[in-house]
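# Close look at the chain arrangement
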Amino acid sequence: MFSVFVSAPNPDDPIAALELGERPEPEAPDGWTRVEVKAASLNHHDIFSLKGIGLPAERMPMILGTDASGIDEDGNEVLIHSVISSPGWTGDETFDPKRSLLSEVHQGTMAKYVVVPKGNLVAKPAELSFEEAACLPTAWLTAYRMLTNDSRLKPGNTVLIQGASGGVATAAMSIARAIGLRVWVTGRSEEKRQAALGHGAHEVFETGARLPGKVDAAIETVGEATWSHSLRSLRPGGTLVVSGATSGPNPKADLNRVFFLQMRIIGSTMGTRTELEGLLGLCRDTGLRPVINEVLPMSEAKRGFQAMVDGNTAGKFVFTN
Ligand SMILES: NC(=O)c1ccc[n+]([C@@H]2O[C@H](COP(=O)([O-])OP(=O)(O)OC[C@H]3O[C@@H](n4cnc5c(N)ncnc54)[C@H](OP(=O)(O)O)[C@@H]3O)[C@@H](O)[C@H]2O)c1
């Protein structure tokens, strides 16, 4: 079956590691089921996989992709909760130390078919297209958990979102606006900042700019390049929620500021199946929809990967079969 995959990592040139071509159709083991993929979306996780980060060479060839919507074996329209728990795990899936995301241990979603545990299928609301639904299981779910479970924000509070155009960043600004927060966004270009105003931001700022006031929480996926700015922007007792480190994982910790101002730093990863259902309900009931940069046929996926590596994103890239 036609697939987007990696056979050998390339830490310096991830696009050189990207392969498009034939891979064997997956067989569903007991308790798993096969989904015909209609749409899969691109995440920065896929770029890290091409570099070999979180995906050692011995697990390759690996089909990329953590997000998908499609048709299950009974003909139902579904999307996939991408957190694969270890057998017998109960409770919050994100706390399972042996969990993985699709494309880390099991083959990913950028193909004609993907196999997943039956419990990872979630009904797709008819109101959402396959392309929209395919944006939700990774970037959007992560942003949803960061804002609703981790940030302690209440309607009327102010949240700082670092990054104007990324998948998680655009999800965070859209969701934050929908749940009644005041939304401040930083972005690296005027074009991206202007676009953010259309995706939920009340005010936009250059990356690292002094803000007009302190914020109640900061949403971090950028890492080294924005970490100090996030800490400096928080009010005493504020919360920094971090789920990614695109620009590097080792910022200056600034511990004096953290303890003196009694800040909370909360790590966050993906979300539970129940949270994914909550996010779907929010989309269905409020009309909230993912910010899609471009929908491309799976055979043209390289264009989306290249744009993400170059930092030329404006929401999510979606690949269709
Ligand atoms: N823990 C989890 O479960 C989880 C889930 C999803 C994603 N993540 C992580 O979150 C990160 C973002 O993922 P994504 O899919 O949203 O990636 P993406 O679409 O490529 O977005 C990248 C974002 O990072 C910003 N950025 C990158 N380098 C920057 C720099 N040097 N200075 C300032 N801003 C910079 C960009 O800001 P501009 O818009 O201003 O260019 C953009 O908003 C990745 O590290 C990913 O692995 C983690």
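Figured I'd write up the structure that's included with this text. This one's a predicted model, so the numbers in the text were calculated from it and none came from an experiment.

### As for helix 9 (residues 301-309)
Buried within helix 9 are the following residues: Ala-301, Gly-304, Phe-305, Ala-307 and Met-308. The buried residues of helix 9 all sit within an arc of 160° when viewed along its axis, so they share a single face. Looking one or two places after helix 9, you find Gly-311, whose phi comes out positive at around 80°.

### Considerations on the site of the ligand
Taken together, 27 residues lie near the ligand, and His-44, Ser-165, Lys-192, Ser-243 and Met-270 sit nearest. Contacts to the ligand include Val-168, whose backbone N or O atom sits 2.8 Å from an oxygen atom. In the model, an oxygen atom of the ligand is placed 2.6 Å from a nitrogen or oxygen of the Lys-192 side chain. Here the ligand has 920 Å² of accessible area as a free molecule, and 88% of this is covered by the chains. Looking at the shell around the ligand, the elements with two or more residues in it are helix 1 (44-51), helix 3 (136-150) and helix 4 (167-178). Classifying every residue of the shell around the ligand gives eight nonpolar, 17 polar and two charged.

### Topic: the sheet that holds strand 13 (residues 203-206)
The strands making up a sheet associate through backbone hydrogen bonding, with each pair oriented either parallel or antiparallel. Sheet architecture is open: six strands sit in the order 13-12-11-14-15-16, paired in parallel fashion. Pairing within the sheet leaves two strands with one partner each, and these edge strands are strand 13 and strand 16 (264-267). Recorded for the sheet is a direction-independent mean angle of 20° between the axes of neighbouring strands. Bridge count for strand 14 (residues 215-220) against strand 15 (residues 234-242) is five bridges, and the pairing is parallel. Bridge pairing in strand 15 links Ala-217 to Thr-239. In the packing of helix 3 onto the sheet, the strands contacted are strand 11 (158-162), strand 14, strand 15 and strand 16, and the crossing angle to strand 15 comes to about 145°. Across the sheet, helix 5 (residues 190-197) touches strand 12 (182-187) and strand 13, and the angle it forms with strand 13 is around 165°.

### A look at unusual backbone geometry
Looking along the chain, the bond that leaves Met-60 and enters Pro-61 is cis, with omega of 0°. Even without being glycine, Ser-103 reaches a positive phi, approximately 85°. You can see Ser-103 is positioned in the loop between strand 8 (100-101) and strand 9 (113-117). Phi angles above zero are rare outside glycine, and Gln-262 is one such case at about 50°. Its place among the elements puts Gln-262 in the loop between helix 7 (255-260) and strand 16.

### Considerations on helix 1
Inspection of helix 1 places His-45, Asp-46, Ile-47, Ser-49 and Leu-50 among the buried residues, and these make up the whole buried set. Buried-residue contacts for helix 1 involve strand 1 (2-6), strand 2 (18-22), strand 3 (32-41), strand 8 and helix 9. Once helix 1 finishes, Gly-52 follows within two positions and takes phi at roughly 85°, a positive value.

### Notes on the environment of Lys-192
Among the structural elements, Lys-192 can be located in helix 5. Residue classification places Lys-192 among the buried residues on the basis of a relative accessible area of 15%. Put simply, Lys-192 and Gly-70 are 122 residues apart on the chain and 31 Å apart in space, counted from C-alpha to C-alpha.

### Looking at the sheet that holds strand 4 (residues 62-63)
Strand order in the open sheet formed by three strands is 2-1-4, with antiparallel pairing between adjacent strands. Every interior strand has two partners, whereas the edge strands, strand 2 and strand 4, have only one. Here five bridges tie strand 1 to strand 2, and the two strands are oriented antiparallel to one another. When the sheet's bridge partners are listed, Val-6 is paired in strand 2 with Leu-18.

Thresholds applied
- Residues numbered from 1 in each chain as written.
- Predicted model: local features only at pLDDT ≥ 70, side-chain atom pairs only at ≥ 80, totals over all residues.
- Heavy atoms only, no water.
- Buried < 20%, exposed > 50% of the residue type's maximum accessible area, 1.4 Å probe, protein only.
- Helix = DSSP H or I, 4+ residues; strand = E, 2+ residues; numbered from the N terminus.
- Arc of directions from axis to C-beta.
- Near = heavy atom within 4 Å.
- Polar contact = N/O pair within 3.5 Å; in protein donor to acceptor, adjacent residues only side chain to side chain.
- Areas by Shrake-Rupley, 256 points an atom, 1.4 Å probe, with all protein chains shown as cover.
- Nonpolar A, V, L, I, M, F, W, Y, C, P; charged D, E, K, R; others polar.
- Pairing = 2+ DSSP bridges.
- Axes fitted to C-alpha atoms, helices over the stretch in contact; angles between N-to-C directions.
- Contact = heavy atoms within 4.5 Å.

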